[in-house]
Amino acid sequence: MLLDESEGRRAAEIPGLKKTGVIGLLMRAQQEGAIASLRTELDRLRETAGFWIEDSLYHRALTVVGEE
């Protein structure tokens, strides 16, 4: 199941399920070569889809994958 909302994340913690949000999935896709640039995809989410990403998380994700 894919979801990226706080209520859903809390519910997933109850049975001990692993959870990964959209940013985590995109980070993995970049690391596996499925997408060329995490920055491009995150910027596209922000600009065209209205996806809210906290600036500190944005920069931390880019740092982890070597784009910052």
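Our subject is the structure that appears above.
Values in this document were obtained by computation on a predicted structure and should not be read as measured data. (Residues numbered from 1 in each chain as written. Predicted model: local features only at pLDDT ≥ 70, side-chain atom pairs only at ≥ 80, totals over all residues. Heavy atoms only, no water.)

Caption draft 1: Molecular detail of the nonpolar core. The biggest cluster of nonpolar side chains holds 13 residues, and the ones touching the most others in it are Ile-23, Leu-26, Met-27, Leu-38 and Leu-42. At four residues, the largest contribution of residues to this core is made by helix H2 (residues 22-31). The residues contacting Ile-23, other than those within four sequence positions of it, are Leu-42, Phe-51, Ile-53, Leu-57 and Ala-61. (Core = buried A, V, L, I, M, F, W, Y, C linked by side-chain atoms within 4.5 Å. Buried < 20%, exposed > 50% of the residue type's maximum accessible area, 1.4 Å probe, protein only. Helix = DSSP H or I, 4+ residues; strand = E, 2+ residues; numbered from the N terminus. Contact = heavy atoms within 4.5 Å.)

Caption draft 2: Structural view of the side chain of Gln-30. The residue Gln-30 is located in helix H2 in this model. Polar side-chain contacts of Gln-30 include one of 3.4 Å to the side chain of Glu-67. Not counting residues within four places of it along the chain, the set of residues in contact with Gln-30 comprises Ile-35, Ala-36, Ser-37, Leu-38, Val-65 and Glu-67. (Polar contact = N/O pair within 3.5 Å; in protein donor to acceptor, adjacent residues only side chain to side chain.)

Caption draft 3: Up close: the packing of aromatic side chains. Applying the stated criterion across every chain yields a total of zero aromatic pairs. In this arrangement the basic side chain of Arg-46 is found over the ring face of Tyr-58, its NZ or CZ atom lying 4.2 Å from the centre. (Phe/Tyr/Trp six-rings, centres within 6.5 Å; stacked < 30°, edge-to-face > 60°. Lys NZ or Arg CZ within 6 Å of the ring centre and 35° of its normal.)

Caption draft 4: Molecular detail of the packing of H2 against helix H4 (residues 55-64). Where H2 meets H4, the axes come as close as 10 Å, and the angle between the chain directions of the two elements is 25°. Taken together, the axes of H2 and H4 are roughly parallel relative to one another. Relative to H4, the crossing made by H2 is right-handed. When H2 is examined against H4, the residues Ile-23, Met-27 and Gln-31 are found in contact with a partner set consisting of Leu-57, Ala-61 and Val-64. Considered class by class, the residues forming the contact of H2 with H4 number five nonpolar, one polar and no charged. (Axes fitted to C-alpha atoms, helices over the stretch in contact; angles between N-to-C directions. Parallel < 35°, antiparallel > 145°, perpendicular 65-115°, else oblique. Left-handed = near helix turned anticlockwise from the far one by under 90°. Nonpolar A, V, L, I, M, F, W, Y, C, P; charged D, E, K, R; others polar.)

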